[in-house]
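Inside the fold
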Amino acid sequence: MKVVITGAAGFLGRRLADSLLRRGALAGPGDREQPIERITLIDASPPAPFDDPRVSAVTGDISDPALFERSIDRETRAIFHLAAIVSGTAEADFELGMRVNLDASRALLDVCRRLGQVPRLVFTSSVAVFGGDLPAVVTDATAVEPATSYGTQKAIVDLLINDYSRRGFIDGRALRLPTISVRPGRPNTALSSFASGIIREPLNGEEAICPVDPGTRVWLLSPRKVIECLMMAHDLPAQAFGSSRVLSLPGLSVTVAEMVEALGRIAGPDAVRRIRWERDPHVARVVATWPGALDAARARALGFPADQSFDDVIRQFLEERLATPA
């Protein structure tokens, strides 16, 4: 089996490739497990090298259909479409967001359609598709009303995944991801970046700025659980999704104040004092339109995992940081 990962230079892409290499197999046609023979990593910048002959990399403009045409062939049975311009950049640069988040996704889907092999395609959507006057607890049936261009782009691709699957062009699965915390590395332009920064930077002995109010409620999932969900979504049989290939993942509903309290329990008061509260009206306004709690009963019934507590999420981050060579 050949596997393709777009957005492979990002931290989720790298983790996913590592996990797939360790696992060594995925469900293929007829839901029978097949060995992974090749993994092609696609991104605009070169992914970190892998010391494994099964891995190759293709670098180029993700919105150029030719990139997919030379990377995806009739042997490609699994595609994980992670590539995206993050929310803050997509809002600041409308053309770039549309080109990468929407046009590139359409180009990828059309390459799959023309090849006619019906690959399994897992797409990372977002709870940013929701917005407006939300109920206290959002469900999969809640109307989609995104408050950002990023959320709109994700919502459109969700619909395309459903339609291309209905027509038999792909076997698609679109996962609406919660905010991912705690992300490693440095801050980025995602409007949700603070949800990692207020934990990661204090643990690294650095100051962090929180742009939202302490009572802001967010829907979270750890990087480890996201990877588990991606692989599980791929391996589930198509009929498990029923009439909709779009699924909201389970998560934790916590306030920012509760996140900071968890940091204090694990790292002590000095870490908490490294957080500076400076409200950014734009970030606060957009984040307030995202669901703070979500009824993911459908995903839970299918067996998708979630974190048990935000304390556990912080401990995962610390364990993985210790395990990563400097």
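Structural notes, computed from the coordinates. (Residues numbered from 1 in each chain as written. Predicted model: local features only at pLDDT ≥ 70, side-chain atom pairs only at ≥ 80, totals over all residues. Heavy atoms only, no water.)

1. Concerning the overall build of the protein chain
Put simply, the rule reads: Secondary structure elements follow DSSP: runs of H or I of four or more residues count as helices, runs of E of two or more count as strands, with numbering from the N terminus. Each residue is assigned to one of three classes by its accessible area relative to the maximum for its type, calculated with a 1.4 Å probe on protein chains only: buried under 20%, partly exposed between the two thresholds, exposed over 50%. Throughout, the Shrake-Rupley method with a 1.4 Å probe supplies accessible areas, and for residues the shown protein chains are the sole cover considered.
The helix and strand tally for the protein chain stands at twelve helices and 14 strands. For the protein chain, the spread of C-alpha atoms along the principal axes amounts to about 55 × 45 × 40 Å. Residues classed as buried in the protein chain amount to 54% of the 326 residues present. Counting only carbon and sulfur atoms, one obtains 51% of the accessible surface of the protein chain, whose full area is about 13600 Å².

2. Re the sheet that holds strand β6 (residues 76-81)
Note the cut-off: DSSP calls a pair of strands paired once it identifies at least 2 bridges connecting them. For helices, the axis comes from a line fit to the C-alpha atoms of the stretch in contact; other axes are also lines fit to C-alpha atoms, and the angle between any two N-to-C directions lies between 0 and 180 degrees. In what follows, a contact means two residues having at least one pair of non-hydrogen atoms within 4.5 Å.
Pairing within the open sheet is parallel, and its seven strands lie in the order β5-β4-β1-β6-β7-β8-β12. A strand with exactly one partner marks an edge of an open sheet, and here the two such strands are β5 (55-59) and β12 (246-248). Neighbour-to-neighbour, the strand axes of this sheet turn through a mean angle of 20°, independent of strand direction. The strands touched by helix α1 (residues 11-23) are β1 (2-6), β4 (38-43), β5, β6 and β8 (171-177); relative to β1, the strand with the most contacts, the crossing angle is about 165°. Contacting β7 (120-126), β8 and β12, helix α5 (residues 149-166) crosses the sheet at an angle of about 155° to β7.

3. Re the sheet that holds strand β13 (residues 252-255)
A sheet is described by the order of its strands in space; here three strands give the open sequence β9-β11-β13, paired in mixed fashion. Each having just a single partner strand, β9 (179-180) and β13 make up the two edges of the open sheet. Here β9 runs beside strand β11 (residues 217-221); their pairing, made up of two bridges, is parallel. When the bridges of β11 are listed, Thr179 appears paired with Leu220.

4. What to know about the side chain of Asp52
The following threshold applies: Definition of a polar contact: a pair of N or O atoms within 3.5 Å, with one able to donate and the other able to accept a hydrogen when the atoms are protein atoms, and with sequence-neighbouring residues admitted only if both atoms are side-chain atoms.
Structurally, Asp52 is set in the loop between β4 and β5. Side-chain polar atoms of Asp52 contact the side chain of Arg54, separated by 2.8 Å.

5. Focus: the packing of α1 against helix α7 (residues 223-235)
Stated formally: The cut-offs work like this: below 35 degrees is roughly parallel, past 145 is roughly antiparallel, 65 to 115 is roughly perpendicular, and the gaps in between are oblique. Should the near helix be turned counterclockwise from the far one by less than a right angle, the crossing is left-handed, whereas a clockwise turn marks it as right-handed. The classification used treats Ala, Val, Leu, Ile, Met, Phe, Trp, Tyr, Cys and Pro as nonpolar, Asp, Glu, Lys and Arg as charged, and all other residues, Gly among them, as polar.
Remark: α1 packs on α7, axes separated minimally by 10 Å, with the N-to-C direction vectors making an angle of 60°. Classified by the angle between their axes, α1 and α7 sit oblique to one another. As α1 runs across α7, the sense of the crossing is right-handed. Counting all contacts with α1, which are made through Phe11, Leu12, Arg15, Leu16, Ser19, Leu20 and Arg23, the residues of α7 involved are Pro223, Arg224, Val226, Ile227, Leu230, Met231 and Asp235. Taken together, the residues of the contact of α1 with α7 break down into nine nonpolar, one polar and four charged.

6. Observations concerning the packing of helix α8 (residues 256-267) against helix α12 (residues 310-323)
Contact geometry of α8 with α12 gives a least axis separation of 9 Å together with a crossing angle of 55°. Between α8 and α12, the interaxial angle falls into the category oblique. The chirality of how α8 crosses α12 is right-handed. Two secondary-structure elements touch here, α8 through Met259, Ala262, Leu263, Arg265 and Ile266 and α12 through Phe310, Asp311, Ile314, Arg315 and Leu318. Residue composition of the contact of α8 with α12, grouped by class: seven nonpolar, no polar and three charged.

7. With respect to the nonpolar core
Convention followed: In plain words, nonpolar cores are sets of buried Ala, Val, Leu, Ile, Met, Phe, Trp, Tyr and Cys residues tied together by side-chain atoms within 4.5 Å.
Core analysis: the biggest nonpolar cluster contains 58 residues, and Leu121 and Phe310 have the highest contact counts within it. Among the elements that make up this core, the one with the highest residue count is helix α4 (residues 94-115) (eight residues). Once you skip the residues sitting within four places of it in the chain, Leu121 turns out to touch Ile79, His81, Leu108, Leu109, Cys112, Ile161, Ile170, Asp171, Gly172 and Arg173. In terms of nonpolar packing, the next biggest core, distinct from the first, is built from 44 residues, Leu16, Leu21, Trp219 and Leu221 among them.

8. Considering the layout of surface pockets
For clarity, the threshold we go by: Grid points spaced at 1 Å and placed over the protein atoms alone form the basis of the search, with a cavity being a set where a 1.4 Å probe fits but cannot get out and a pocket an open set showing protein on both sides within 12 Å along at least five of seven lines. Lining residues have an atom within 4 Å of a point. Grid points are joined across faces, edges and corners, and a volume is the space filled by probe spheres set on the points.
By volume, the largest pocket is sized at about 940 Å³. Every residue lining the largest pocket is counted, 40 residues in all, and those nearest its centre are Leu82, Ala84, Val86, Arg183 and Asn188. Residue classes in the lining of the largest pocket are distributed as 20 nonpolar, 13 polar and seven charged.

9. A few points about α5
Note the threshold: Helix span, expected: 1.5 Å multiplied by one less than the number of residues in the helix.
Over its 18 residues, α5 runs 26 Å from end to end, which matches the ideal 26 Å to within 8%, given 1.5 Å per residue. Residues Ser149, Tyr150, Gly151, Gln153, Lys154, Ala155, Val157, Asp158, Ile161, Tyr164 and Ser165 constitute the buried set of α5. As for α5, its buried residues are in contact with α3 (87-92), α4, β7, β8 and β12. Count one or two residues on from α5 and you reach Gly168, which has phi positive near 80°.

10. Looking at the pairing of β11
Of all the five residues making up β11, four are buried; the element is thus mostly covered by neighbouring parts of the structure. Bridge count between β11 and β13: four bridges; the pairing is antiparallel. Within β13, the position partnered with Arg217 by the bridge is Thr255.

11. As for helix α6 (residues 194-203)
The buried count for α6 comes to ten of ten residues, which makes it a mostly enclosed element. Within α6 the residues assigned to the buried category are Phe194, Ala195, Ser196, Gly197, Ile198, Ile199, Arg200, Glu201, Pro202 and Leu203.

12. Focus on the packing of aromatic side chains
Going by this rule: The aromatic pairing rule takes the rings of Phe, Tyr and Trp, using the six-membered ring of Trp, and pairs them if the centres are within 6.5 Å, calling planes under 30 degrees apart stacked, those over 60 edge-to-face and the rest tilted.
Under the counting rule described, the total for this entry stands at one aromatic pair. When the centroid spacing of 5.6 Å and the interplanar angle of 75° are considered together, the rings of Tyr164 and Phe169 count as edge-to-face. A residue is classified by how much of its surface remains accessible, and Phe169, at 22% relative accessible area, is partly exposed.

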